[in-house]
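Each chain, written out:
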Amino acid sequence: MVSVKGKRMGSLSVLRMLFLVVFIGWVLIWIMLPTTTYKQKWAPDLKSKLTSTYFGSQGTNLLLFTFPIMFIAALGCVYLHLEKRSQSVRTSRRLGFWKKPVVVLAPMGIVTAMELAFAAMFIALLIWSLANYLHVSFGHLHMHRKGEKVWQAKLRSISLRLGYIGNISWAFLFFPVTRGSSILPLVGLTSESSIKYHIWLGHLSMVLFSAHTVGFIVYWAITHQMAQMLEWSKTWVSNVAGEIAIVFALAIWVTSLPRVRRKMFEVFLYTHHLYILYIFFYVLHVGVGYFCMIIPGIFLFVIDRYLRLLQSRQHAKLDSARLLPCGTAELNFSKTPGLIYNPTSILFINVPSVSKLQWHPFTITSNCDMEADKLSIIVKSDGSWSQKLYKELSSSLDRLEVSVEGPYGPSSSHFLRHDLLVMVSGGSGIAPFISIIREILFRSTKQKTRVPAILLICAFRNSADLTMLELLLPISVNPTEISHDVQLQIEAYITREKGHPNIDYNAQNSTRTVWFNPDPLDSPIFASIGPNSWLWLGAIISSSFVMFLFLLGIVTRYYIYPIDHNTDEIYQFSYRCLWDIFLVCVCIFTVASIGFLWQKKENMKKIQNLQMGSSTASPKPVDRELESFPKQCLLQATNVHYGARPDLKKILFECKASDVGVLVCGPKKMRHEIARICSSGLANNLHFEVISFNW
C-alpha cells in the first residue's frame, strides 16, 4: 500500500508539473504577442471566438494573460498547504550550482546563476518583443498626419512600442512586493529576498516609460501637434492620463534612488504611497486591453495589501520588553498557539507614539514550537525611529500601542539539510540567526532528527553588543528541554576595542525587563486568515476573481453593450477602465473582508478561552537562576576576539564538512566578501545564502 505521505508527495509532483506547463504556456503567449503570426493569424481567430457580449474585446486578454497566473496563484495555495503538512526540510542539491553567486557588483549586488539566467531571458524577451514590434510596424508604416515624413512616423512608432515593452515589465512588477504571495514560495522565494527584483523592474520600466513619454513629446513638437498633450479622448488613449501617471512615477522613481532613500527615508516612504494614483492613471491611459495583461500582479497585490490593512487595525498585545545595555530591545508579544511561522520570518510593526505612518520589518527570534504563546522580535537602536522607540521603552510606560502585519517568511526550513551551518553576522544581523539556532535546538529534542552543527561568527563594534548573545537561547524554556547534543561554537569579534573591558555584565542593572499592562482590547497576534491560511488565501483569490469575471460580464452585457450597439454613441474608453478598477476593488474588498472577519471571530473564541485559563496568573519576572542559564551555556561555547576582524576566507576554507551552508546577514561589504569566497570555486562544499533587509 502507498503511504499517505507518498500520495501527498505524488500530488505535489503533479501540481509542480502542472504549474510548469501553465507558466511556460503563458510565457509563450508573451513571446508570440509581437509577431506577425500572432497579429495576422492568431489574433483574428481568437477575437472571433473569445469576443462576446459579456466581456467584449477583453475576453482574449483575460483568457491568455490573466487566467493562467490566477490559476497558478489559487492552486499554488493548495500546493503550499500540502507542502506545509508534509513538513519536508530537504531540497534538491541539483540546484546547488544555480544558487551560487556569479556576479558580486554594485549596484546589482549579489546575483546567483539562476537570477542571471532569468534576467538574461527577460531582457531577451524585451529585445525580441521590441524588434518584432518595430519590424511589423515599419513594414506597414502609418502616416498620422498629412505631409508627415517617414523618420517622424518611425519616431512615433518607436515611442509607442517602448510603452508596450514597459507594460511587460509592469506585468511582473508587483509580484515581488506581495508579502503573502502564493507565487513566490513556489519558486523558493520570499518577498524580502525578491525585493531587489521589484527594484530592477521599477528602474527598467521607468527608463522605458520615460523614453516613451519623451519620444511622443518630441514627435508632437516637430509635427506641430503639442495640443495633443491636452487631449483626453473619449474613444481611445487618454494622453492627459498618461502624463499625470508619468509625473507620479517620476516622483516615486527619484525618491527611490539609493542616495535619496538612505538620506531621506521618510520622503521615500511617503512618496512611494503615490503608487495608488500611479496605477489609477496608468490604467486610464493604457485601457482595459493592456490592463488585462497586468491584472494578475495588481490583483494579488491588492488582496495582500487589503488583508494587511485589516490585520493592522487590531492592536497587538505587548507583554514585555527586555532592554539590553547595547541599545537593543527584545519585544515580547502574546500570540495564539495556532500561529505557525518558520525561522527568519519577519514581522512589520507600527508604533503610533513614534510615527503614525512608518512600518518597519524585524526578524522574529522566537520559535513557535518552543514558545507556543509568545512571539519575540529584537530592535537595535541604529536609526532615528528605533532610537525613539528605545527611549519610549526605557521610560515608565504602562502600555505601548503597537500594530503588526505578518509574520511573513519562507515556507520551509531548508537550512536543516546541511551538515554544518556557518552563520556570519554583523551587528544586528545576528537576529535571523537567533531564530535558526532556536529552531535547531527544538529539532534536536525530537527523536530520529538530524540537525547540523553550528558555527556562528559575529562581529560587533563594542563589547556591550556581546549582550545580544544572551538572546540566542530563550530564557522562558526549561533548561532540561534544551538538548546538549547540539554542536554550537561562537566566534565573537569586537572590532573597536583592543582588550577586555572591566565591565560586569552580570550586574543586576545590565539587562532589565519592562512589563506592560495591555489594554483588554489588545489582541494576541494571530494568523489573519486562520491556521489553514494557504487554503483560505486560495479561496479568497479564486472567489474574488470569479466574482470579478461575473460582475464584469453582467456590466458589459447589460450596460456597456447596449450603449455601443443600440445607440449612436460609443461607450467612453476611460469609463471602461473605471469599471474594471471599481470591480476589482469591490470584489477583493468584499471577499477578503468576509474571510478575515470569519477567521477573526474564530480566533477571538480561542483567545477568550486562553485568557480564561490564564486570568488568575499575572506576569512575573523570570527566575534569576533560570535567566542565568543561557549565559552559562553560551560562555562555554563562545570565544571573544578583541581588536580584530574575522578572517572569513580562512574560516570558511577550514570547514571540512561535505555540505556547508553559509549564511550571511550584515553590512554590504561583508555580504559581498562572503559571496566572492563562496563563488571562487576553491571550495565545492560551500553553499551560499544571503539574508538582507537593506533594500
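One can find the structure itself at the top, above this paragraph.
Since this is a predicted model, take the numbers as computed values, not measurements. (Residues numbered from 1 in each chain as written. Predicted model: local features only at pLDDT ≥ 70, side-chain atom pairs only at ≥ 80, totals over all residues. Heavy atoms only, no water.)

A. Highlighting a nonpolar patch on the surface. A contiguous nonpolar patch, built from Met 17, Leu 20, Val 21, Phe 23, Ile 24 and Leu 28 and spanning about 550 Å² of accessible area, is present on the exposed surface. Tracing the sequence through the fold places Phe 23 in helix H1 (residues 4-32). (Patch = residues over 30% accessible without salt bridge, like charges linked within 9 Å, V, L, I, M, F, W, Y side chains within 5 Å. Areas by Shrake-Rupley, 256 points an atom, 1.4 Å probe, with all protein chains shown as cover. Salt bridge = Lys/Arg side-chain N within 4 Å of Asp/Glu carboxyl O. Helix = DSSP H or I, 4+ residues; strand = E, 2+ residues; numbered from the N terminus.)

B. Quick peek at the pairing of strand E8 (residues 403-408). Within E8, 5 of the 6 residues are buried, leaving the element largely enclosed by the surrounding structure. Across 4 bridges, strand E5 (residues 346-350) lies against E8 in antiparallel orientation. What sits directly across from Ile 349, in E8, is Val 404. (Buried < 20%, exposed > 50% of the residue type's maximum accessible area, 1.4 Å probe, protein only. Pairing = 2+ DSSP bridges.)

C. A look at unusual backbone geometry. Note that the residue after Gly 406, namely Pro 407, is joined by a cis bond; omega there is 10°. If you trace the backbone, Pro 407 turns up in strand E8. Non-glycine residue His 224 carries a positive phi angle of around 60°. Counting through the fold element by element, His 224 comes out in the loop between helix H6 (195-222) and helix H7 (239-255). We note that Thr 344 has phi near 70°; this positive angle belongs to a residue other than glycine.

D. Representation of the environment of Pro 34. One can find Pro 34 in the loop between H1 and helix H2 (36-50). The exposure class assigned to Pro 34 is buried, which follows from its relative accessible area of 3%. For the pair Pro 34 and Ala 131, spaced 97 residues apart in sequence, the C-alpha to C-alpha distance is 8.6 Å. With residues up to four places along the chain from it excluded, the contact list for Pro 34 reads Trp 128, Ser 129, Asn 132, Tyr 133 and Val 136. (Contact = heavy atoms within 4.5 Å.)

E. Region of interest: the nonpolar core. Counting 90 residues, the largest nonpolar core has Trp 30, Trp 170, Tyr 278, Phe 299, Ile 541 and Phe 548 as its most contacted members. Those residues within four positions of Ile 541 in sequence are excluded, and the remaining contacts are Met 70, Ala 73, Ala 74, Cys 77, Ser 182, Phe 299, Leu 300 and Ile 303. Counting residues in each nonpolar core, the second largest holds 34 residues, with Cys 326, Met 370, Leu 466 and Leu 471 among its members. (Core = buried A, V, L, I, M, F, W, Y, C linked by side-chain atoms within 4.5 Å.)

F. View of the sheet that holds strand E4 (residues 328-334). Taken together, 4 strands build an open sheet; the order of strands is E7-E4-E3-E12 and the sheet is antiparallel. Single-partner strands in this sheet number two, and they are strand E7 (374-380) and strand E12 (512-515). Averaged over all adjacent pairs, the angle separating strand axes in this sheet is 20°, with direction ignored. Across 7 bridges, the pairing between E4 and E7 is antiparallel. Considered in E7, the bridge of Ser 334 is made with Lys 374. (Axes fitted to C-alpha atoms, helices over the stretch in contact; angles between N-to-C directions.)

G. Examining the sheet that holds E5 more closely. Read from one edge of the open sheet, 3 strands run E6-E5-E8, paired in antiparallel fashion. The open sheet has two edge strands with one neighbour each: strand E6 (360-363) and E8. Across the sheet, the mean angle from the axis of one strand to that of its neighbour is 25°, orientation sign disregarded.

H. Broad picture of the side chain of Arg 156. Within the element layout of this structure, Arg 156 appears in helix H5 (residues 150-173). No salt bridge is formed by the buried Arg 156, whose closest oppositely charged neighbour, Glu 148, lies at an N-O distance of 6.4 Å. The residues touching Arg 156, leaving out its near neighbours within four places in the chain, are His 144, Phe 216 and Tyr 219. (Lys, Arg positive; Asp, Glu negative; His and termini not counted.)

I. Up close: a positive patch on the surface. Residues Arg 259, Arg 262, Lys 263 and Lys 668 make up a contiguous surface patch of positive charge. Sort the elements by how many residues they give to the positive patch and helix H8 (residues 258-263) lands first, with 3 residues. Here Arg 262 shows up in helix H8. For Arg 262, a relative accessible area of 61% puts it in the exposed group. (Charge placed at Lys NZ, Arg CZ, Asp CG, Glu CD.)

J. Spotlight on the environment of Pro 68. Structurally, Pro 68 can be placed in helix H3 (residues 58-86). For Pro 68, a relative accessible area of 11% translates into the label buried. Separated by 43 residues in the primary sequence, Pro 68 and Gly 25 have C-alpha atoms spaced 8.5 Å apart. Those residues in contact with Pro 68 that lie beyond four places of it in its chain are Val 22, Trp 26 and Leu 63.

K. Quick peek at the packing of aromatic side chains. Applying the stated rule across the entire model yields 33 aromatic pairs. Judged by centre distance (5.9 Å) and plane angle (35°), the rings of Phe 23 and Trp 26 are tilted. Here Phe 23 and its partner Trp 26 are both found in helix H1, 3 residues apart, which amounts to about one turn of the helix. Accessibility expressed as a relative area gives 33% for Phe 23, which makes it partly exposed. Residue class for Trp 26 comes out buried when judged on its relative accessible area of 2%. (Phe/Tyr/Trp six-rings, centres within 6.5 Å; stacked < 30°, edge-to-face > 60°.)

L. Molecular detail of helix H12 (residues 384-394). Of the positions making up H12, those classed as buried are Trp 385, Ser 386, Leu 389, Tyr 390 and Leu 393. On an axial view of H12, the arc spanned by its buried residues comes to 135°, and they lie on one face. Among the exposed residues of H12, those oriented more than 90 degrees off its buried face are Ser 384 and Lys 391. Looking at the buried residues of H12, the elements they touch are strand E3 (318-323), E4, E5, E6, E7 and E12. (Arc of directions from axis to C-beta.)

M. Structural detail: the pattern of salt bridges. With the rule as written, the count across this model stands at 15 salt bridges. Across the pair Glu 330 and Arg 322 runs a salt bridge, and its minimum N-O distance is 3.1 Å. Judged by relative accessible area, Glu 330 falls into the buried class, the value being 2%. Given the relative accessible area of 4%, Arg 322 is considered buried. Across the salt bridge formed by Asp 419 and Arg 450, the nearest N and O atoms sit 3.3 Å from each other. With Asp 419 in the loop between E8 and strand E9 (420-426) and Arg 450 in the loop between helix H13 (431-444) and strand E10 (453-460), this pair connects stretches of sequence that are 31 residues apart.

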